[in-house]
Amino acid sequence: MKKPALIMLAIAAPLLNACSGGPNEAAEYRHSVFHVIAWHFGTLGAMAKGEQPFDQAVFERKAGILENLSKLPWEGFQEGTAEGSDALPAIWENRDDFDAKSNRFQEEASTLASLAREGDQQAMLDQVGKVGQACKACHDDYRK
């Protein structure tokens, strides 16, 4: 089994458990994924801001995890799942724009992982900001 598949399996098991039951499993699912994204991205952001020493191996690992995670939450945005979550109904009213922003986040996360594998520290640190901007673009329009 490849390493990314093992990572996804390790992440999926707790997420599936967190999503079992409840009136809005889709919202619980995406919330769980975003929580895990924030956990890993937090380390990258801290390195980019100089709040944590730069560690190439940790950065590369976390960027790879983020790339995989960036693909997961979107299927949780099902029609009728805004209630009781931070998602705004505007997601479903402007679905094409929402999808474009989610795709941009995935692309920026993928670029970050590629740069991390290449090892250009300044390019990696600059890309962290672009990933953050992609997150913020969606939050500004589609999150309470």
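For the structure itself, consult the block above.
This structure is a prediction, so every number in the text was calculated from the model and none was measured.

**Student:** Please provide a residue-by-residue account of the nonpolar core, values included.
**Tutor:** Phe59, Leu66 and Leu112 are the most contacted members of the largest nonpolar core, which totals 33 residues. Those elements giving two or more residues to this core turn out to be helix 2 (25-48), helix 3 (56-69), helix 4 (90-93), helix 5 (95-118) and helix 6 (121-142). If near-sequence neighbours (up to four positions away) are discounted, Leu112 is found in contact with Leu44, Phe59, Ala63, Leu66, Met124, Gln127, Val128 and Val131.

**Student:** Give me helix 6: which residues, what numbers.
**Tutor:** When the terminal C-alpha atoms of helix 6 are compared, their 32 Å separation across 22 residues agrees well with the 32 Å that a helix rising 1.5 Å per residue should span. Buried within helix 6 we find Met124, Leu125, Gln127, Val128, Val131, Ala134, Ala137, Cys138 and Tyr142. Buried residues along helix 6 sit against helix 2, helix 3, helix 4 and helix 5.

**Student:** Residue-level account of the pattern of salt bridges, with values.
**Tutor:** Considering all chains together, one arrives at seven salt bridges under this definition. Of the charged contacts, one joins Arg143 and Asp86 as a salt bridge, the two residues approaching to 3.7 Å between their closest N and O atoms. Of the two residues, Arg143 is situated in the segment after helix 6 and Asp86 in the loop between helix 3 and helix 4; the sequence distance between them amounts to 57 residues. With a shortest N-O distance of 2.9 Å, Lys136 and Asp140 are connected by a salt bridge.

**Student:** Break down the side chain of Lys62 for me, with residues and values.
**Tutor:** Relative to the elements of secondary structure, Lys62 occurs in helix 3. Although Lys62 lies buried, it forms no salt bridge, and the closest oppositely charged side chain, Asp55, sits 11 Å away as judged by the N-O distance. A polar atom in the side chain of Lys62 sits 3.2 Å from the side chain of His40. In this view, Lys62 contacts Trp39, His40, Thr43 and Leu44; residues no more than four positions away in its chain are not counted.

**Student:** Lay out helix 2 in plain terms, naming residues and giving numbers.
**Tutor:** The first and last C-alpha atoms of helix 2 sit 34 Å apart over 24 residues, in line with the 34 Å expected at 1.5 Å per residue. Residue Phe41 marks the point of greatest curvature in helix 2, where the axis turns by about 25°. Taken from the residues just after helix 2, Gly50 is the one with a positive phi, measuring 80°.

**Student:** Outline the packing of helix 2 against helix 3, supporting the account with residue identities and numerical values.
**Tutor:** Helix 3 packs onto helix 2 with a crossing angle of 150° between their chain directions and a minimal axis gap of 9 Å. Between helix 2 and helix 3, the crossing angle belongs to the class labelled roughly antiparallel. Relative to helix 3, the crossing made by helix 2 is left-handed. Of helix 3, the residues touching helix 2 (which contributes Val33, Val36, Ile37, Trp39, His40, Phe41, Thr43, Leu44 and Met47) are Val58, Phe59, Lys62, Ala63, Ile65, Leu66 and Leu69. Looking at the contact of helix 2 with helix 3 residue by residue, the class counts come to 13 nonpolar, two polar and one charged.

Rules and cut-offs
Residues numbered from 1 in each chain as written. Predicted model: local features only at pLDDT ≥ 70, side-chain atom pairs only at ≥ 80, totals over all residues. Heavy atoms only, no water. Core = buried A, V, L, I, M, F, W, Y, C linked by side-chain atoms within 4.5 Å. Buried < 20%, exposed > 50% of the residue type's maximum accessible area, 1.4 Å probe, protein only. Helix = DSSP H or I, 4+ residues; strand = E, 2+ residues; numbered from the N terminus. Contact = heavy atoms within 4.5 Å. Expected span 1.5 Å × (residues − 1). Salt bridge = Lys/Arg side-chain N within 4 Å of Asp/Glu carboxyl O. Lys, Arg positive; Asp, Glu negative; His and termini not counted. Polar contact = N/O pair within 3.5 Å; in protein donor to acceptor, adjacent residues only side chain to side chain. Bend = angle between axes of the 7 residues up to and from the residue. Axes fitted to C-alpha atoms, helices over the stretch in contact; angles between N-to-C directions. Parallel < 35°, antiparallel > 145°, perpendicular 65-115°, else oblique. Left-handed = near helix turned anticlockwise from the far one by under 90°. Nonpolar A, V, L, I, M, F, W, Y, C, P; charged D, E, K, R; others polar.

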